[in-house]
Amino acid sequence: MIPWLEAHTPFPDVSEALTTDAPGLLAAGADLSPQRLLQAYRNGIFPWFSEGQPILWWSTDPRMVLYTERFKVSDSLKKTLRKIERSRQAGGPWVVRFDGAFEAVMRACAAPRKDGPGTWISEDIIAGYTGLHRMGYAHSSEVWLDGELVGGAYGVCIGRMFYGESMFARVSDASKVALAYLVAFVRSHGVTLIDCQQETGHLASLGAVPIPRRDFLRHLRHAIAEPPIERWEITPPLTT
């Protein structure tokens, strides 16, 4: 039985998360205010639930993470990155930005996919994370082609800890391009690990690996105590 959280109820310790039936499920209820979301992320907790469910809070064990120095880039993606970087430097049709259209990136991530319905990203989720964006904690990486947003990724950054949330692509590899620029930037600012939350084959193909929750929490405690990244400005991806 998981606890129900009221507006001011603190989260239980992550060690109380379920280990069977719904492994990692910690609690339900509360709200998606920026303050609650920050409290969650600082404790290694994240929201994830489907339409019609109450807000569900998770702390998975093991935890899927991407060490920024181990980010995998295929040969074909390297070629794409070189092309886009040349275009970006020369003022061509391809542009990469941070934080130019945060809510638009979230809504694109929430939209129906070719192989299924829309994601779990609801209007309440969008409101909560755009609130974090206004506070300087949530950021987007965006790929633009001829003035149109064609790919992106977003997540939360506290200190030198980045928590990846979702990605989307409207043209081939655009989400991976957005991620490559994001990884290069945060790595250059001392972020060594990106939280990916849950294990998937797609994340594994990019270099993500599962680690014990205790190791993740140990890293998190040190990383969130570091000073925040002040200026989010595009730099060339390290893989080009």
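Not measured: the values here are computed from a predicted model.

Q: Any chance you could explain the overall build of the protein here in plain terms?
A: Scanning the protein from N- to C-terminus turns up seven helices and eleven strands. Each of the three principal axes of the protein carries a C-alpha extent, and together these read 55 × 35 × 35 Å. Considering the protein as a whole, with its 240 residues, one finds that 50% of them fall into the buried category. Distance between charge centroids for the protein: 8 Å, based on 25 positive and 26 negative side chains.

Q: What am I meant to see in the sheet that holds strand β7 (residues 138–145) here?
A: Within a beta sheet, neighbouring strands are joined by backbone hydrogen bonds and run either parallel or antiparallel to one another. Overall, mixed pairing links the seven strands, which are arranged β6-β7-β8-β9-β10-β5-β11 in an open sheet. The sheet is open, and its two edges are formed by β6 (94–98) and β11 (209–211), each paired on a single side. Taken over all neighbouring pairs, the strand axes of this sheet differ in orientation by 30° on average, direction set aside. With eight bridges connecting them, strand β8 (residues 148–158) and strand β9 (residues 161–169) associate as antiparallel partners. Paired with G152 across the strands is F168, a residue of β9. Lying on the sheet, helix α3 (residues 102–110) is in contact with β7, β8 and β9; it crosses β8 at an angle near 105°.

Q: Got a minute to help me understand the packing of aromatic side chains in this structure?
A: The way to describe two aromatic rings as a pair is by their centre distance and the angle between their planes. In the structure shown here, the tally under the stated rule is ten aromatic pairs. Where Y41 meets Y129, the ring centres are 6.4 Å apart and the plane angle is 80°; that geometry is what we call edge-to-face. With Y41 in helix α1 (residues 34–42) and Y129 in helix α4 (residues 123–134), this pair connects stretches of sequence that are 88 residues apart. Among the aromatic residues, those joined into a cluster by ring pairs are Y41, F102, Y129, Y154 and Y163.

Q: Please explain the pairing of β8 as it appears in this structure.
A: The two faces of the sheet receive side chains in turn, since in a regular strand these alternate between them. Most of β8 sits out of view: ten of its eleven residues are buried. Where β7 lies against β8, eight bridges are found, and the strand directions are antiparallel. Residue S141 lies in a different strand from β8, and its bridge partner there is A153. Between β8 and the antiparallel strand that follows it, β9, lie two residues; G159 among them carries a positive phi value of about 60°.

Q: Sorry if this is basic, but what is going on with the nonpolar core here?
A: Ranked by size, the top nonpolar core spans 49 residues in total, and within it Y41, W57, M106, I121, Y129, Y154 and F216 carry the most contacts. With 35 residues, the next largest nonpolar core counts L66, L179, V183 and C196 among its residues.

Reading the values: the criteria
Residues numbered from 1 in each chain as written. Predicted model: local features only at pLDDT ≥ 70, side-chain atom pairs only at ≥ 80, totals over all residues. Heavy atoms only, no water. Helix = DSSP H or I, 4+ residues; strand = E, 2+ residues; numbered from the N terminus. Buried < 20%, exposed > 50% of the residue type's maximum accessible area, 1.4 Å probe, protein only. Lys, Arg positive; Asp, Glu negative; His and termini not counted. Charge placed at Lys NZ, Arg CZ, Asp CG, Glu CD. Pairing = 2+ DSSP bridges. Axes fitted to C-alpha atoms, helices over the stretch in contact; angles between N-to-C directions. Contact = heavy atoms within 4.5 Å. Phe/Tyr/Trp six-rings, centres within 6.5 Å; stacked < 30°, edge-to-face > 60°. Core = buried A, V, L, I, M, F, W, Y, C linked by side-chain atoms within 4.5 Å.

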